[in-house]
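Survey of secondary and tertiary structure
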Amino acid sequence: LPYTPQHSGNASTTIETPWINVGYSLTGVSERYYMAQNIPVNKIDGYVEHTATLWREFTMKGCHLRLQAEVIYWPLLYIGLVSYLSMITLKLSTL
């Protein structure tokens, strides 16, 4: 199947404190092919994605809120050029 790596895996850790919670995770994917033919010209490099997360939970007037910030870093292969992207997201949700 195209885009299906032979190997993949992830690891994560979390530290929770009364003030703020911190998480870190890694997701790795080995080389794969972008077409059904497994030939060298169709090969895509593997990558490792890193994610760091900070969050805090609040209770106000009986409503549970979670404020979360994530930084996601992964290398992206696009038309033979390697670009490095970073994304910051803020989430506000009720539990």
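Source: prediction; values computed, not measured.

**Digging into the side chain of Ser30**
- Here Ser30 lies in the loop between strand 2 (21–29) and strand 3 (32–33).
- Looking at Ser30, the relative accessible area reads 19%, which means it is buried.
- Side-chain polar atoms of Ser30 contact the backbone nitrogen of Gln6, separated by 3.3 Å.
- Residues in contact with Ser30, not counting those within four places in the same chain, are Pro5, Gln6, His7 and Gly46.

**Notes on the pairing of strand 2**
- With nine bridges joining them, strand 1 (residues 8–16) and strand 2 adopt antiparallel strand pairing. The partner of Thr13 across the bridge, within strand 2, is Tyr24.
- Pairing analysis gives nine bridges linking strand 2 to strand 5 (residues 47–60), with the strands arranged antiparallel. Residue pairing for strand 5: Asn21 is matched across the bridge by Trp55.

**Let's talk about the confidence of the model for the chain**
- On average, residues of the chain score 79 in pLDDT, and 77% of them reach the 70 mark or higher.
- Mean pLDDT across the secondary structure elements of the chain bottoms out at strand 7 (residues 81–94), with 43, and peaks at strand 1, with 95.
- This model gives residues 77–92 a pLDDT under 50, and the stretch forms 34 contacts once residues within four places in sequence are excluded.

Parameters at a glance
Residues numbered from 1 in each chain as written. Predicted model: local features only at pLDDT ≥ 70, side-chain atom pairs only at ≥ 80, totals over all residues. Heavy atoms only, no water. Helix = DSSP H or I, 4+ residues; strand = E, 2+ residues; numbered from the N terminus. Buried < 20%, exposed > 50% of the residue type's maximum accessible area, 1.4 Å probe, protein only. Polar contact = N/O pair within 3.5 Å; in protein donor to acceptor, adjacent residues only side chain to side chain. Contact = heavy atoms within 4.5 Å. Pairing = 2+ DSSP bridges. pLDDT = per-residue confidence, 0-100.

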